[in-house]
Every structure is written in structure tokens, then in C-alpha cells.
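Read off the chains here:
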Amino acid sequence: MKKCILIFDDDPEILTVSKIILEQRNYQVETRVCCDDIIKDIAIVKPDMILMDLRIPKIGGEQATRLAKSEKATKDIPIIIFSANTEIEQVCERANADGFVKKPFEVKNLLAIVEQNILKHGE
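The notes below deal with the structure included here.

1. Concerning the overall build of the protein chain
Here is step 1 of the chain: For the protein chain, the helix and strand inventory stands at 5 helices and 5 strands.
Here is step 2 of the chain: The linear arrangement of helices and strands in the protein chain, starting from the amino end, is β-α-β-α-β-α-β-α-β-α.
Here is step 3 of the chain: For a compact globule of 123 residues, the expected C-alpha radius of gyration is about 14 Å, and the protein chain comes in at 13 Å, within 12% of that figure.
Here is step 4 of the chain: For the protein chain, the C-alpha atoms occupy an extent of roughly 30 × 30 × 25 Å along the three principal directions.
Here is step 5 of the chain: Across the 123 residues of the protein chain, 46% fall into the buried class.
Here is step 6 of the chain: Long-range contacts, defined as pairs at least 24 residues apart, comprise 62% of the intrachain contacts of the protein chain with a sequence gap of at least 6.
Here is step 7 of the chain: For the protein chain, the centre of its 18 positive side-chain charges and the centre of its 21 negative side-chain charges are spaced 3 Å apart.

See below:
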């Protein structure tokens, strides 16, 4: 069964490019342009990993990550902050995220962090 990645980003081009890259590596990819109902989205999609943009409508990526990490049902799903924010490392720590990918990203870096973290879910 394919591993599933849920991507939250308000930029349709980033979503399209990321989805193509990850689907070529045989991942199932679901995308969302806002994260105002992250717990419901996670329950529906049941992802093995999440890529989370910080500048996303409604509650924002940092708060959405904190919320997902505070819920018993979702706390163990790896969440990777996916952003051009210059303070991405500090945000990652504050939100209790599992890692980060700086935008613009290199494909090999994205794939490395995905492969590193997607194996954690379900262990």
C-alpha cells in the first residue's frame, strides 16, 4: 500500500509541483489550500506524513501544527514545516514539528526528508 502525504499550502503551483515529484516516487498525495480544519482533514485522509506551509489561510501553519501535535489521535504523524520563512528552525521547534524544508527547495532535499520521516509513522 502506498504511503500517503498530506500537503497544506496556499500556493497552487507549489502544490502541483510537490504532488508531481512525490507521486513519481510512488507516494499517494492529497493537498489542501487551507488548514482551518486540520484534525478533520487528517481523519479523512489518514496521512503517513504532513508537509505544512506556514503562511496558509485561517489559523496558519504553526498553530495548525501545534494543534495536530497536541491531539492524541494525530500527535505521532510526522509534520514537516515547508516554508520560505527565515525563522523556520525556531518555528519548527515552537510548533513541535518533526523537521523542515526551506523553500525554494531542491528536489533531493525534499525527498530525503520525506523518506526519513514517512517511515516513522506506523512503526
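2. Digging into the state of the cysteines
Here is step 1 of the chain: Applying the stated criterion across every chain yields a total of 0 disulfides.
Here is step 2 of the chain: Cys34 takes part in no disulfide bond, and the closest cysteine sulfur to it belongs to Cys35, at a distance of 6.9 Å.
Here is step 3 of the chain: Cys34 gets classed as partly exposed once you look at its relative accessible area, which sits at 24%.

3. A closer look at the pairing of strand S3 (residues 49-52)
Residues in a regular strand point their side chains to alternate faces of the sheet.
Here is step 1 of the chain: Judged by which residues are buried, S3 turns out to be covered on both faces: Met49 and Leu51 on one side and Ile50 and Met52 on the other are all buried.
Here is step 2 of the chain: Bridge count between strand S1 (residues 4-8) and S3: 4 bridges; the pairing is parallel. By the bridge assignment for S3, Leu6 is matched with Ile50.
Here is step 3 of the chain: Two elements, S3 and strand S4 (residues 79-83), share 3 bridges in a ladder whose sense is parallel. The residue bridging Ile50 from the neighbouring strand is Ile79, located in S4.
Here is step 4 of the chain: For the handedness criterion, the β-α-β arrangement of S3, helix H3 (residues 61-70) and S4 is classed as right-handed.

4. Side note on the environment of Leu22
Here is step 1 of the chain: Structurally, Leu22 can be placed in helix H1 (residues 12-24).
Here is step 2 of the chain: Put simply, Leu22 and Leu111 are 89 residues apart on the chain and 7.7 Å apart in space, counted from C-alpha to C-alpha.

Conventions and cut-offs
Residues numbered from 1 in each chain as written. Predicted model: local features only at pLDDT ≥ 70, side-chain atom pairs only at ≥ 80, totals over all residues. Heavy atoms only, no water. Helix = DSSP H or I, 4+ residues; strand = E, 2+ residues; numbered from the N terminus. Rg over C-alpha atoms; globule rule 2.2 N^0.38 Å. Buried < 20%, exposed > 50% of the residue type's maximum accessible area, 1.4 Å probe, protein only. Contact = heavy atoms within 4.5 Å. Lys, Arg positive; Asp, Glu negative; His and termini not counted. Charge placed at Lys NZ, Arg CZ, Asp CG, Glu CD. Disulfide = S-S within 2.5 Å. Pairing = 2+ DSSP bridges. Right-handed = clockwise from strand over helix to strand, strands pointing away.

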